[in-house]
Amino acid sequence: MGIATTAMNWLVFSYSLPSKTPSSPRVTLWRRLRRIGAITVKTGVYVLPAKDECIEAFQWLAQEVQQAKGEALVIHVEQFEGLSDEQLIQLFRDARYDDYGEIEQKATEIENTIDTELEAAIKEQIREKLTKIRKRYTEILNIDFFDCPAATSVAIRLRRIEQLLQPSLVNSSISVLLSDYHDKQWVTRPRPFIDRLACAWLIRRFINPYAIIRYSLHPQPSEIAFDMKEAEFSHQGNLCSFETMLLRFGLEDSALQSIAMMVHELDLKDGIYLSPEAMGVETIVRGWLLANLSDTELETRGYQLFEGLYLAFSQLKK
């Protein structure tokens, strides 16, 4: 995975507390620094990228130090002596690798306890544990300033656990072959938004680039419907239509999984995933709708958008 080569700006936080200060404030500050994603480059010196939210976080910490009768310093730094931007970025990624590793370990322990014969009450207990792990995952994602590759593998693991907890869904979602759908004609609702545009891209990218995709509320008997009422490929359980297609076709490409997280977030808005690209993608597509583009033009632009995302996510995994 490539590392940014443009010059970075950094924030440095340093503080000192009176020697007689109890250990409790010191421990609290250390935990807060860890929670906001700061790394230490030497004893008592903590670093964050110069982002607005990071500036605010360090400023709040400085106030806490001052309230404890200590001294705090927040400064902007362009370069560290003997430490390049690339090395600093790798330190941040290494820290997140450790964080994601803890989640991966807990997720593995949960996954190993899942059995199709589990009672409903036990499954509910597992779901509660999974909810706590997801919350922790989101917290780490918020401080993953440099896109640690481990984030995607953890997200895939968490999704797999969710699917295992829904055997009726998995059993009903019979796997199909891409080749069986090569000559099919497709239909979905007019004015396609995120989920339908992603499905249309998937059809053209992995099934048939010349597929006929019609936009109508009234499917013909010969057409394969997606993301609409009584469609062959639509929402199932807590999966959006794009996720359903990935599951049915057995597509497990990590770049596709990254797109699936973004589509899920924008379509279901259930807080399970946090994708940094989501807001920008939603704004772009809403702009196309406001411009009153035709369904065909929406699909064409949507293909370009999702193809770009797929290539970008694929590059990040290298």
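Residues numbered from 1 in each chain as written. Predicted model: local features only at pLDDT ≥ 70, side-chain atom pairs only at ≥ 80, totals over all residues. Heavy atoms only, no water.

1. Let's talk about the confidence of the model for the protein
On average, the protein scores 88 in pLDDT, and the residues at 70 or more come to 93%. For the stretch residues 1-5, pLDDT sits under 50, and the model shows 14 contacts to residues farther than four places along the chain or on other chains. For residues 168-172, every residue scores under 50 in pLDDT, and the model assigns this stretch five contacts once sequence neighbours within four places are set aside. (pLDDT = per-residue confidence, 0-100. Contact = heavy atoms within 4.5 Å.)

2. Side note on the pairing of strand E5 (residues 185-188)
Pairing geometry for E5 and strand E7 (residues 223-225), over three bridges, is parallel. When the sheet's bridge partners are listed, Val187 is paired in E7 with Ala225. Bridge count for E5 against strand E6 (residues 213-215) is three bridges, and the pairing is parallel. By the bridge assignment, Trp186 is partnered in E6 with Ile213. Note on the crossover from E5 through helix H7 (residues 194-207) to E6: the handedness is right-handed. (Pairing = 2+ DSSP bridges. Helix = DSSP H or I, 4+ residues; strand = E, 2+ residues; numbered from the N terminus. Right-handed = clockwise from strand over helix to strand, strands pointing away.)

3. Overview of the sheet that holds strand E3 (residues 45-49)
Strand order in this open sheet of four strands is E2-E3-E1-E4, and the pairing throughout is antiparallel. Looking at strand neighbours, the two that pair on one side only are strand E2 (39-42) and strand E4 (71-77), the edges of this open sheet. The average undirected angle you get between the axes of adjacent strands in this sheet is 30°. The pairing of strand E1 (residues 10-16) with E4 spans seven bridges and is antiparallel. (Axes fitted to C-alpha atoms, helices over the stretch in contact; angles between N-to-C directions.)

4. Section: the packing of helix H3 (residues 85-111) against helix H4 (residues 120-142)
Two elements in contact, H3 and H4, have axes separated by 10 Å at closest approach and are oriented at 170°. As judged from the angle between their axes, H3 and H4 are roughly antiparallel. In this structure, H3 uses Arg96, Asp99, Tyr100, Ile103, Lys106, Ala107 and Ile110 to contact H4, whose residues at the interface are Ile126, Lys129, Leu130, Ile133, Arg136, Tyr137, Ile140 and Leu141. Here the residues of the contact of H3 with H4 are counted per class, giving 10 nonpolar, no polar and five charged. (Parallel < 35°, antiparallel > 145°, perpendicular 65-115°, else oblique. Nonpolar A, V, L, I, M, F, W, Y, C, P; charged D, E, K, R; others polar.)

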